[in-house]
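One-letter residues, chain by chain:
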Amino acid sequence: MAYTIPKNCFQCGICLPECPTGAIQIDKNNDYWVEPGLCNNCEDLDSKPLCVNSCPDSLPVTLPTKKGRYKAEERVLNSHHLFANGHNHPIASSMVIWEACNVLAKGSDFPWQTDSNDKVYFERQVKQGKGKIQFRLSKTFNGTITKALNYEQAESAIKSMDIRAACMHLIFAAFATNLERPWSQEFTVDNKQLETYLGLNKRKDLSKAAKLTLIKTLVQQPCQLLTSIDWFRQGKIQSFSVPEDRIWHLVGIDNHFQEDDQGYKHLVGVTFRIKAGIWAKYFLNKEGYKKYLAYYQYGTLPKFLLTTVMTIWHQHEGTVRMMLWLLFKTKMGKQQRVTIPKLMYVAYGEAKVREASLNREKRKRLLRRFESDLEVLHHYQIKPIFDPVTYPTEIQPLWARLASIPDDAEEAMDFWINDGCNETSITDSAPAGKWNLLMKARILHFELPPEWDKQLSRWENKKQGKTRRSYRTQTVSNLTAEQISNSRKNLGISQRKLAQLLGKSQSWIRDIENGRFAAKPDDRLKLRKILEIEE
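Thresholds, definitions, all that
- Residues numbered from 1 in each chain as written.
- Predicted model: local features only at pLDDT ≥ 70, side-chain atom pairs only at ≥ 80, totals over all residues.
- Heavy atoms only, no water.
- Helix = DSSP H or I, 4+ residues; strand = E, 2+ residues; numbered from the N terminus.
- Buried < 20%, exposed > 50% of the residue type's maximum accessible area, 1.4 Å probe, protein only.
- Contact = heavy atoms within 4.5 Å.
- Areas by Shrake-Rupley, 256 points an atom, 1.4 Å probe, with all protein chains shown as cover.
- Pairing = 2+ DSSP bridges.
- Phe/Tyr/Trp six-rings, centres within 6.5 Å; stacked < 30°, edge-to-face > 60°.
- Lys NZ or Arg CZ within 6 Å of the ring centre and 35° of its normal.
- 1 Å grid on protein atoms, 1.4 Å probe; cavity = no way out; pocket = protein on both sides within 12 Å on 5 of 7 lines; lining within 4 Å.
- Points joined across faces, edges and corners; volume = space filled by probe spheres on them.
- Nonpolar A, V, L, I, M, F, W, Y, C, P; charged D, E, K, R; others polar.
- Core = buried A, V, L, I, M, F, W, Y, C linked by side-chain atoms within 4.5 Å.
- Lys, Arg positive; Asp, Glu negative; His and termini not counted.
- Salt bridge = Lys/Arg side-chain N within 4 Å of Asp/Glu carboxyl O.
- Axes fitted to C-alpha atoms, helices over the stretch in contact; angles between N-to-C directions.
- Expected span 1.5 Å × (residues − 1).
- Polar contact = N/O pair within 3.5 Å; in protein donor to acceptor, adjacent residues only side chain to side chain.
- Parallel < 35°, antiparallel > 145°, perpendicular 65-115°, else oblique.
- Left-handed = near helix turned anticlockwise from the far one by under 90°.

Enquirer: Describe in detail the overall build of the protein, supporting the description with residues and values.
Expert: A count of helical and extended segments in the protein gives 21 helices and 17 strands. The buried share of the protein, reckoned over its 535 residues, is 49%. Sequence separation of 24 or more characterises 70% of the internal contacts of the protein that already satisfy a separation of 6 or more. A total of about 27900 Å² of accessible surface is found on the protein, and carbon and sulfur atoms cover 48% of it.

Enquirer: Provide a residue-level description of the sheet that holds strand E16 (residues 383-386), including the pertinent values.
Expert: Adjacent strands of a sheet pair through backbone hydrogen bonds, lying either parallel or antiparallel. Read across the open sheet, the three strands follow the order E15-E17-E16; overall the sheet is antiparallel. Looking at strand neighbours, the two that pair on one side only are strand E15 (338-339) and E16, the edges of this open sheet. Across four bridges, E16 lies against strand E17 (residues 442-447) in antiparallel orientation. Paired with Lys383 across the strands is Glu447, a residue of E17.

Enquirer: Would you mind going over the packing of aromatic side chains in detail, with residue names and values included?
Expert: The full count for this structure, using the stated rule, is 22 aromatic pairs. Ring geometry for Phe172 versus Phe187: centroids 6.0 Å apart, planes at 55 degrees, classification tilted. In this pair, Phe172 sits in helix H4 (residues 165-176) while Phe187 sits in strand E9 (residues 186-190), placing the two residues 15 residues apart along the sequence. Seen in terms of ring centroids, Phe172 and Trp248 are 5.7 Å apart; in terms of plane orientation they differ by 70 degrees. Their pairing is edge-to-face. Pair noted here: Phe172 is in helix H4 and Trp248 is in strand E12 (residues 248-259), with a separation of 76 residues, a long-range link. The buried category is assigned to Trp248, whose relative accessible area is 0%. Here the aromatic cluster, defined as three or more aromatic residues joined through ring pairs, consists of Phe83, Phe172, Phe175, Phe187, Tyr197, Trp248 and Trp279. When the ring centre of Trp508 is taken as reference, the NZ or CZ atom of Lys504 above it lies at 4.9 Å.

Enquirer: Which residues make up unusual backbone geometry, and what are the values?
Expert: In most cases, non-glycine residues show a negative phi, while peptide bonds are predominantly trans. Not every positive phi belongs to a glycine, and Asp118 is a case in point at roughly 65 degrees. Tracing the backbone shows Asp118 in the loop between strand E6 (113-114) and strand E7 (120-126). Owing to a relative accessible area of 37%, Asp118 belongs among the partly exposed residues under this scheme. In this model, Gln128 sits at a positive phi of 55 degrees, which is unusual for a non-glycine residue. By secondary structure assignment, the location of Gln128 is in the loop between E7 and strand E8 (131-137). Here Gln128 falls in the exposed class, since its relative accessible area comes to 77%.

Enquirer: Describe empty space enclosed by the protein, naming the residues involved and giving the relevant values.
Expert: Considering all chains together, one arrives at three cavities of 30 Å³ or more under this definition. Considered as a void within the structure, the largest cavity measures approximately 320 Å³ in volume. Lining the largest cavity are 22 residues, with Phe386, Gln396, Ala400, Ser505 and Gln506 positioned closest to its centre. Secondary structure elements with two or more residues in the lining of the largest cavity: E16, helix H14 (398-402), helix H19 (495-502) and helix H20 (506-513). A breakdown of the residues in the lining of the largest cavity according to their chemical character gives 10 nonpolar, eight polar and four charged. Here the second largest cavity is characterised by a volume of approximately 100 Å³.

Enquirer: So what's going on with the nonpolar core? Residues and values would help.
Expert: Ranked by internal contacts, the top residues of the largest apolar core, which has 117 residues, are Leu170, Trp248, Trp279 and Tyr391. Sorting elements by how many residues they give to this core places H4 first, with 11 residues. Ignoring any residue separated from it by four or fewer positions in sequence, one finds Tyr391 in contact with Ile340, Phe370, Leu374, Phe386, Gln396, Pro397, Leu438, Ala441, Arg442 and Ile443. Within the second largest apolar cluster, 13 residues are counted, among which are Ala499, Trp508, Ile509 and Leu531.

Enquirer: Explain the side chain of Asp245 to me, using residue names and the numbers behind them.
Expert: Here Asp245 shows up in strand E11 (residues 240-246). No salt bridge is formed by the buried Asp245, whose closest oppositely charged neighbour, Arg246, lies at an N-O distance of 6.2 Å. Leave out the neighbours within four places in its chain, and Asp245 touches Leu225, Leu226, Thr227, Gly277 and Ile278.

Enquirer: How would you sum up the sheet that holds strand E10 (residues 225-231)? Please name residues and give values.
Expert: Across the sheet, five strands lie side by side as E6-E7-E8-E10-E11; this open sheet has antiparallel pairing. Pairing within the sheet leaves two strands with one partner each, and these edge strands are E6 and E11. Sheet topology note: the E10/E11 ladder contains five bridges and is antiparallel. Across the sheet, Leu226 pairs through a bridge with Arg246, a residue of E11. Lying on the sheet, helix H3 (residues 151-159) is in contact with E6, E7 and E8; it crosses E7 at an angle near 75 degrees.

Enquirer: So, helix H10 (residues 317-329): which residues are in play, and what are the values?
Expert: Here H10 contains 13 residues, and its C-alpha end-to-end distance of 18 Å stays within 8% of the 18 Å for a straight helix at 1.5 Å per residue. Counting buried positions along H10 yields 12 of 13 residues, so the element is predominantly enclosed. For H10, the set of buried residues is Gly318, Thr319, Val320, Arg321, Met322, Met323, Leu324, Trp325, Leu326, Leu327, Phe328 and Lys329.

Enquirer: Lay out the side chain of Ser505 with the relevant residues and their values.
Expert: If you trace the backbone, Ser505 turns up in the loop between H19 and H20. Within the structure, the side chain of Ser505 is placed 3.0 Å from the side chain of Ser507, a separation counted as a polar contact.

Enquirer: Please set out the environment of Asp254 residue by residue, giving values where relevant.
Expert: Within the element layout of this structure, Asp254 appears in strand E12. Distance in space between the C-alpha atoms of Asp254 and Arg273 is 8.3 Å, their sequence separation being 19 residues. Asp254 has contacts with Lys28, Gly269, Val270, Thr271 and Arg273, leaving out every residue within four places of it along the chain.

Enquirer: Could you give me a rundown of H20, with the residues and numbers involved?
Expert: Since one α-helical turn is 3.6 residues long, residues separated by three or four positions face the same way. Summarising burial for H20: eight of the eight residues are buried, a large majority. Within the sequence span of H20, burial applies to Gln506, Ser507, Trp508, Ile509, Arg510, Asp511, Ile512 and Glu513. With its phi angle positive at about 75 degrees, Gly515 sits one or two positions after the end of H20.

Enquirer: Report on the environment of Ser184, specifying residues and quantitative values.
Expert: Checked against the element boundaries, Ser184 lands in the loop between H4 and E9. For Ser184 and Lys281, which are 97 residues apart along the polypeptide, the C-alpha to C-alpha distance reads 8.8 Å.

Enquirer: Run through the packing of H10 against helix H13 (residues 360-379), naming residues and quoting values.
Expert: For the pair H10 and H13, the least separation of the axes is 8 Å and the interaxial angle reads 55 degrees. By the angle class used here, H10 and H13 are oblique. Here H10 runs over H13; the crossing is right-handed. Contacts between H10 and H13 pair Glu317, Gly318, Thr319, Met322, Met323 and Leu326 from the former with Arg369, Phe370, Asp373, Leu374, Val376 and Leu377 from the latter. For the contact of H10 with H13, the class distribution of residues is seven nonpolar, two polar and three charged.

Geometric values such as these leave the question of function open.
Shown next as C-alpha cells:
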C-alpha cells in the first residue's frame, strides 16, 4: 500500500526522521512527498505506519491507485542519446573506470582493506608500483563533502551493492565522451533513456514506481565511489596526483509528478544531472591529449552488453563479471591470453578460489559453476578459444567438446565412428587432477560479436590519431570452403586436429567449411601450408 502527503500538510518535518526506509523526501519546491517504491507501509509494525502515528494530522494518507495512462511529457536534456547507430557507443576506458566497474560488480567479493584510521579502501597498483589508484566509499552520493566510510559503516554499504549498478557506471562513462570538458560540464539523463538502455522498458512485471526506485538506486551507487590517484610519468606526459574525489557527482535529481483529479501527486519520471570527477581532467581530456598534458582513453560499449547483464545478473553473476571485465581487457588487445586462475579471480574473487583449492566439494561446485558461466558467455557470442597445449580437449567443458560435432549428418556419423575407435571418447569424464591442470591452463583469446569487434577496431584506429607507416602485406588468394573441406578429407585430417594445428576452435573450422565466413589472410596462409594447397 502506497502513501502520499496531501496539500494540507503544514510541512513541520516531524515525520521525516521517523521513516525507516527514507521514503519521505523533499522536492525542489520544498514540498514533502513519499516515494512509493521505498515505502513498505512499516511492514514490521502491527499498528499504523510510524509517520502517520507521529503526525498530529494523521498524515500521510493512502495513495489511490492511478487510473489511466501516464502522460508523456517533453523533457529538455542537454545530452545526446547513446547508441545512435543502434549497436554501440564510445566509452571512457581508463583504468579508473575499469577498476570502478570491478568494484561495483564484485561488492563484498572484492579484496577490501582497512587503513590505520579504520577507513575501508581498495588500492590498485599500476605499472609494478610506479603508480596507484585508491577507492573508498562515501556515505552520501551527492555534495562536495566526501567523507570515507569506516569498516562498520562500509560493511552494510558493500553488502547492498547491486551488480547492475556497474551498467549505470558504464552508461555514465559513455555519456562523458560526448563532452569536451566532462570534469566541469554536466550531462543529463532521464528514466526513459535509462529504461531503454537497460531493457527495463520491456519489463511488464515491474510497476512504474518499482522501475523508478530501481533506477534511482542504481544511479546513486556509482556516485558513492571515491578515488584518489598517483600516476607515473609516461612518455611526454608528466606524473601527476589527483586528490580524493567522487568518480561521478550526482549534481541533482529532478522528480516529475502528475496530479490526478483528486489532487494527489503521482511520481511519473526522474531526471538526473551528472558530472564526472577530477579524474576526467587527466584521462578524458581531448585538448590536454593533443598538448601531451593528459590522456584521452576510450573504447567501445556494445548496447547488447547492458541488456544482457540486466537479464542474467541474478542467475549468472560470474558470467556478468567476466563480461564486464572483458569489455576493458579486449580494448588492450583482442588477442591477449588469459589464464584460468585470473578469469576465476575475476568471476568469483580470490578468496573463493583459494577456498576451493583446499576443499574437494567446493572445488567441484566451483568447476561446474565456472564451466556453466563460460557456456553462457559462448551463448552470447563471446566465445573462448582454448589453448590446445595448456587447455586440451580432455579438460575442456563438455559443452565445448560437443560443439565440435559437425552439423552435416554424414560428417557427424564419421565423427562418432572415429571417436568410438579412439582410446578416449569425447564424452569421457574429466581426468584426475583436472583442477591442477586448469590452474595452468589459459584461453588464447575471445571471439567477440560483430557489433563489438568491428566497432572496437574502428575506435582504436581513430583514437591513435597518427599516420601509420604503410607496409606491404603478402596477398593470398581466397580459399573456397570446398577447397578447404576436400583437402582436409584427402589428407585424412579431422576438423578437431586441424583446429589444434591452427590454434582455433573446431566450430571455427566448421563455420569456414560451411561458408559462414571467410578466413583472414594470415589464416589462409596457414591453411594452405597445412593442407598443402598450392596457389
